[in-house]
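Chain by chain, the residues run as shown.
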Amino acid sequence: MSSSQGPVTILLESLLRKDFECLRSALDPRVRFRALAPGESVDVGSADEAVGVFRRWFGDKDELELVFSEA
């Protein structure tokens, strides 16, 4: 991954590859991550916790496909 890529691009590409260590590097260690998902409300206050949520949501999926991204 190029160092010129922005954090959102790094986050998305890392998630698509399920590279959770790289995903963690795109987040500030003190990130506050809040989300609403079907049957779940998430409110965490660290990169480790946020990555844990992404790992729980996407880690066991066989394939992830990015449909659209725009910044």
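Up top you'll find the structure we're talking about.
Values in this document were obtained by computation on a predicted structure and should not be read as measured data.

Asker: Explanation requested: unusual backbone geometry in the structure shown.
Answerer: What is expected of a backbone is that most residues other than glycine have negative phi and most peptide bonds are trans. Despite not being glycine, K18 shows a phi value in the positive range, around 55°. Topologically, K18 is positioned in the loop between α1 (7-17) and α2 (20-25). Of the residues examined, K18 reaches a relative accessible area of 28% and is grouped as partly exposed.

Asker: Whenever I open this one, the packing of aromatic side chains confuses me. Can you help?
Answerer: A ring pair, where both rings are aromatic, is described by two values, the distance of the centres and the angle of the planes. In the structure shown here, the tally under the stated rule is 5 aromatic pairs. Relative to W57, the ring of F54 has its centre 6.0 Å away and its plane inclined at 85°; by these criteria the two rings are edge-to-face. Remark: W57 and F54 occur in helix α3 (residues 47-58); sequence separation between them is 3 residues, near one turn of the helix. Note on F54: relative accessible area 10%, which makes it buried. Using a relative accessible area of 21% as the deciding quantity, one classes W57 as partly exposed.

Asker: How should the pairing of strand β1 (residues 33-37) be read in this particular structure?
Answerer: Looking along a regular strand, one sees side chains alternate from face to face of the sheet. Strand direction decides the pairing type here: β1 and strand β2 (residues 40-44), joined by 5 bridges, are antiparallel. The partner of L36 across the bridge, within β2, is S41. In textbook terms, the turn of a hairpin is the stretch between consecutive antiparallel strands, and for β1 and β2 this stretch comprises 2 residues, one of which, G39, has a positive phi near 75°.

Asker: How do you make sense of the environment of V44 when you look at a structure like this?
Answerer: Mapping V44 onto the fold places it in strand β2. Sequence-wise, V44 and E21 are 23 residues apart; in three dimensions their C-alpha atoms are separated by 18 Å. If near-sequence neighbours (up to four positions away) are discounted, V44 is found in contact with V31, R32, F33, E49, A50 and V53.

Asker: Please clarify how α3 should be interpreted in this entry.
Answerer: Owing to its 3.6 residues per turn, the α-helix aligns residues three or four sequence positions apart on the same side. With 12 residues, α3 should cover 16 Å at 1.5 Å per step; its first-to-last C-alpha distance of 16 Å lies within 8% of that length. Buried within α3 are the following residues: A47, A50, V51, V53 and F54. Down the axis of α3, the sector holding all buried residues measures 155°, keeping them to one side. Lining the buried residues of α3 we find α1, α2, β1 and β2.

Thresholds applied
Residues numbered from 1 in each chain as written. Predicted model: local features only at pLDDT ≥ 70, side-chain atom pairs only at ≥ 80, totals over all residues. Heavy atoms only, no water. Helix = DSSP H or I, 4+ residues; strand = E, 2+ residues; numbered from the N terminus. Buried < 20%, exposed > 50% of the residue type's maximum accessible area, 1.4 Å probe, protein only. Phe/Tyr/Trp six-rings, centres within 6.5 Å; stacked < 30°, edge-to-face > 60°. Pairing = 2+ DSSP bridges. Contact = heavy atoms within 4.5 Å. Expected span 1.5 Å × (residues − 1). Arc of directions from axis to C-beta.

So far we have only geometry, and geometry alone does not tell us how the molecule works.
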